Amino acid sequence: VPHPPVDSVTVAELRQICGADFVLTDRDGMQPFAHDFTEDLLYFPEVVVRPRTTAEVQAIMRLAYEREIPVTPRGGGTGLSGGALPVRGGILLSVDRMTSIISIDTENMMGVVEPGVITQVYQEAVEAQGLFYPPDPASRGSCTLGGNVAECAGGPRAAKYGVTRDWIYALDVVMPDGRLIRTGSQCLKDVTGYNLTQLFVGSEGTLGVVTQITTRLMTLPPFRQTLLVAFPTMESALAVVVEIFRRGYQPSACEFMERDAIAVAVERKGQDVPHADAEAQLLIEVDGFDADLVETQLFTIGELAMEHGAIEVTVAQEPGKQKQLWDIRRAVGEAVKSISIYKEEDAVVPRKHIVSLMRGVAAITREHGIHAICYGHAGDGNIHINILKKEMTDEEWNDRLPGAINRIFELTCSLGGRISGEHGIGFTQRPYLPIALSGDELAVMKQIKQALDPKGLLNPDKIFLS
Ligand code: LAC
Ligand code: ZN
């Protein structure tokens with residue numbers, strides 16, 4: 001549905017609300033807001049607004065509602081499903097100026113932040129007070145807590161500490177018509193009505209604009225050790241993953257990289273890892289409050305790996321060595337992006353089925369004549385499948401890709417999995433949603449959207465068409 005254009009009267013009113021310096025309409029100024037990290041997709045908004053306060057966000061939303069102009073909220077712009085792309089033009093609402101850490105409560109162990117706070121900045125601020133905010137998406141140096149809430153971001157530590165949703169207790173949310181609601185509380189238990197907080201977490205900016213976030217915090221575990229384990233086969237690596245958890249160990253990360261993932265990261269970083277030619281590697285981290293216990297767990301996991309036929313276990317006890325290993329792991333995503341046009345799938349399956357997923361993906365890609373690089377969070381079954389275009393012509397790419405993705409997601413769902421673990425549906429995964437959801441489930445989701453955003457103006461065409 002076409003909307004009325006953002007005319008000069010509207011722009012003038014937006015300038016009134018935010019201040020002239022924080023409303024952009026020139027192409028160069030808007031360029032950084034026209035894309036996120038998703039492929040090479042580019043969609044220009046008609047205007048970019050950068051509010052500073054909740055009241056300004058409310059005024060923007062009221063205006064947009066009245067004029068029926070679409071609004072796309074944006075955090076750090078590091079999303080991988082196109083959630084922050086202003087695909088219908090309209091207003092791009094960036095929270096990049098809402099960067100206050102409002103409070104860190106060391107007694108109740110909760111923190112209150114604005115949505116534009118960079119995740120790593122928050123982590124460092126709470127760590128300075130001996131506290132810990134675990135969710136650690138690969139982009140934590142540039143993503144924001146607002147974006148993390150919108151997408152329910154994950155990351156390696158989700159294996160032990162859960163995803164963003166598990167740390168969010170209360171939100172201030174500006175509704176599509178400009179009303180402000182405060183959901184949840186700073187209480188650990190709360191069944192006072194529906195859990196609106198968790199409805200907004202992971203709703204990808206389609207139901208409301210989050211302007212304040214209350215997170216739980218925990219005491220920072222002081223001890224941390226890391227292992228890199230090379231395996232001759234994918235099966236042996238993934239069997240170890242299942243066994244680690246079955247025996248009651250709780251690694252704070254249990255990351256999987258297949259040979260090609262290691263290869264591209266090693267190439268990009270110009271830094272080698274032991275046995276880079278092994279079929280699969282696990283990067284395992286153990287943290288805790290007792291140095292001996294951390295060490296015992298680490299060595300027991302290492303032994304377990306050797307019993308399952310690991311080639312070698314490399315222990316990284318010093319922070320410098322640990323960082324080197326993590327740098328390789330964190331570089332995989334960017335490395336893939338730098339070598340070819342690609343399409344990223346974010347499948348998640350029950351942990352014990354990762355091996356079936358990996359073997360299935362290998363068979364499907366072979367059949368379709370395409371190449372995929374797989375890596376990800378084996379500890380929680382979440383694997384990133386990066387399909388590369390490489391030397392394929394546009395025609396071959398467009399011809400082979402949809403069929404292959406459909407097959408991969410059908411396999412994922414047949415294993416009891418879902419089509420996104422942490423990157424969201426957004427814009428790019430929308431066509432595949434019916435593979436994972438029943439018609440009735442999808443219809444209920446659309447009813448919620450319709451109830452909260454009756455004009456379909458907030459982050460339109462994300463998750464499903466609106
Ligand atoms: C990662 C991002 C892509 O795990 O989710 O590296
Ligand atoms: Zn990831």
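Residues numbered from 1 in each chain as written. Chains lettered and ligands numbered in written order. Predicted model: local features only at pLDDT ≥ 70, side-chain atom pairs only at ≥ 80, totals over all residues. Heavy atoms only, no water.

Some words on the overall build of the protein
Broken down by element type, the protein carries 15 helices and 18 strands. Relative to its length of 466 residues, the protein is compact, with a C-alpha radius of gyration of 22 Å against a globular reference of 23 Å. Across its three principal directions, the C-alpha atoms of the protein cover 70 × 60 × 45 Å. In the protein, which comprises 466 residues, the proportion classed as buried is 55%. Nonlocal contacts in the protein, meaning residues at least 24 apart in sequence, comprise 74% of its contacts between residues at least 6 apart. A total of about 19000 Å² of accessible surface is found on the protein, and carbon and sulfur atoms cover 52% of it. For the protein, the distance from the average position of its 43 positive side-chain charges to the average position of its 61 negative side-chain charges is 3 Å. (Helix = DSSP H or I, 4+ residues; strand = E, 2+ residues; numbered from the N terminus. Rg over C-alpha atoms; globule rule 2.2 N^0.38 Å. Buried < 20%, exposed > 50% of the residue type's maximum accessible area, 1.4 Å probe, protein only. Contact = heavy atoms within 4.5 Å. Areas by Shrake-Rupley, 256 points an atom, 1.4 Å probe, with all protein chains shown as cover. Lys, Arg positive; Asp, Glu negative; His and termini not counted. Charge placed at Lys NZ, Arg CZ, Asp CG, Glu CD.)

Details of the nonpolar core
Ranked by size, the top nonpolar core spans 56 residues in total, and within it Phe256, Leu357, Met358, Ile385 and Ile387 carry the most contacts. Not counting residues up to four positions away in its chain, the partners in contact with Met358 are Met234, Leu238, Phe256, Cys374 and Ile383. (Core = buried A, V, L, I, M, F, W, Y, C linked by side-chain atoms within 4.5 Å.)

Describing the site of ligand 1
Close contacts around ligand 1 come from Leu80, Ala138, Arg329, Tyr375, His377, His384, Glu422 and His423, and that covers them all. A distance of 3.1 Å separates an oxygen atom of ligand 1 from a polar side-chain atom of His377. Glu422 places a side-chain nitrogen or oxygen 3.0 Å from an oxygen atom of ligand 1. Taken by itself ligand 1 offers 220 Å² of open surface, and the protein chains cover 89% of this. Among the residues making up the shell around ligand 1, the classes are represented as three nonpolar, three polar and two charged. (Near = heavy atom within 4 Å. Polar contact = N/O pair within 3.5 Å; in protein donor to acceptor, adjacent residues only side chain to side chain. Nonpolar A, V, L, I, M, F, W, Y, C, P; charged D, E, K, R; others polar.)

Considering the sheet that holds strand β10 (residues 209-216)
In a beta sheet, neighbouring strands pair by backbone hydrogen bonds and run either parallel or antiparallel. Strand order in the open sheet made by the five strands is β5-β6-β10-β8-β9, with antiparallel pairing throughout. Both outer strands of the open sheet, β5 (101-105) and β9 (180-184), are each paired with one neighbouring strand and no more. Recorded for the sheet is a direction-independent mean angle of 10° between the axes of neighbouring strands. One ladder, built from four bridges, connects strand β6 (residues 110-113) with β10; its direction is antiparallel. Paired with Met110 across the bridge in β10 is Arg216. (Pairing = 2+ DSSP bridges. Axes fitted to C-alpha atoms, helices over the stretch in contact; angles between N-to-C directions.)

Describing the coordination of the zinc ion (ligand 2)
The protein atoms donating to the zinc ion (ligand 2) are His377 (NE2), His384 (NE2) and Glu422 (OE), with metal-donor distances spanning 2.0 to 2.1 Å. Expressed as a motif, the donor residue spacing for the zinc ion (ligand 2) is H-x6-H-x37-E. The pair formed by His377 and His384 is uniform in burial state, with each residue classed as buried. (Donors = N, O, S within 2.8 Å, 3.2 Å for Na, K, Ca; no water.)

Some remarks on the packing of helix α12 (residues 354-368) against helix α13 (residues 394-414)
A pair of packed helices is captured by two measures, namely the crossing angle of their axes and the spacing between those axes. In contact at an axis separation of 10 Å, α12 and α13 are set at 160° when each is read in the N-to-C sense. In terms of axis orientation, α12 runs roughly antiparallel to α13. Classified by chirality, the crossing of α13 by α12 is right-handed. Here Ser356, Leu357, Gly360, Val361, Ile364, Glu367 and His368 of α12 come into contact with α13, specifically with Arg400, Gly403, Ala404, Arg407, Ile408, Leu411 and Thr412. Within the contact of α12 with α13, the residues separate by chemical class into six nonpolar, five polar and three charged. (Parallel < 35°, antiparallel > 145°, perpendicular 65-115°, else oblique. Left-handed = near helix turned anticlockwise from the far one by under 90°.)

Describing unusual backbone geometry
Even without glycine at this site, Glu68 takes up a positive phi of about 60°. Summarising the element assignment, Glu68 is placed in the loop between α3 (54-67) and β3 (71-74). Notably, His275 is not glycine yet its phi reads approximately 55°, a positive angle.

Here's the deal with the pairing of strand β14 (residues 280-288)
In terms of residue burial, β14 counts as a mostly covered element, since nine of its nine residues are buried. Neither face of β14 is left uncovered, since the one carrying Ala280, Leu282, Ile284, Val286 and Gly288 and the one carrying Gln281, Leu283, Glu285 and Asp287 both have all their residues buried. With nine bridges joining them, strand β12 (residues 223-231) and β14 adopt antiparallel strand pairing. Bridging across to β14, Thr226 finds its partner in Glu285. Bridge analysis of strand β13 (residues 253-258) against β14 gives six bridges, and the strand direction is antiparallel.

Quick notes on the packing of helix α8 (residues 234-246) against α12
Taken N-terminus to C-terminus, the directions of α8 and α12 make an angle of 155°; their axes are 9 Å apart at the nearest point. One way to sum up the angle between α8 and α12 is to call them roughly antiparallel. Our pair here, α8 against α12, has a crossing hand that is right-handed. Residue-level contacts link Met234, Glu235 and Leu238 of α8 to Ile354, Val355, Met358 and Arg359 of α12.

Focus on the pattern of salt bridges
Pairs may arise between side chains of opposite charge once their charged atoms sit close together. Inspection of the entire model under this criterion finds 25 salt bridges. In this structure, Asp136 and Arg157 form a salt bridge, with 3.8 Å as the shortest nitrogen-oxygen distance. Residue Asp136 is located in the loop between β7 (131-132) and α5 (145-151), and its partner Arg157 is located in the loop between α5 and α6 (158-161); the two are separated by 21 residues in the primary sequence. For the pair Asp136 and Arg157, one class covers both residues: buried. The closest approach of N and O atoms between Lys160 and Asp287, which form a salt bridge, is 2.7 Å. (Salt bridge = Lys/Arg side-chain N within 4 Å of Asp/Glu carboxyl O.)

Observations concerning the sheet that holds strand β4 (residues 91-94)
Ordered by their spatial adjacency, four strands build an open sheet running β1-β2-β4-β3, and the pairing between neighbours is mixed. Pairing within the sheet leaves two strands with one partner each, and these edge strands are β1 (23-24) and β3. Together, β2 (47-49), β3 and β4 form the strand contacts of α3, whose direction differs from that of β4 by roughly 165°.

Observations regarding the side chain of Glu204
When you line up the elements, Glu204 lands in the loop between α7 (196-200) and β10. Within the buried set, Glu204 has no salt-bridge partner at all; the shortest N-O distance to an opposite charge, 7.7 Å, is to Lys462. Apart from residues no more than four positions distant in its own chain, Glu204 is found in contact with Ser81, Ala150, Glu151, Gly424, Ile425, Gly426, Asn459 and Ile463.

Observations concerning the environment of Glu344
Inspection of the secondary structure puts Glu344 in strand β16 (residues 342-348). Residue class for Glu344 comes out buried when judged on its relative accessible area of 10%. Taking the C-alpha atoms as reference, Glu344 lies 21 Å from Trp326; in sequence the two are 18 residues apart. If near-sequence neighbours (up to four positions away) are discounted, Glu344 is found in contact with Leu80, Tyr375, His384, Ile385, Asn386, His423 and Gln429.

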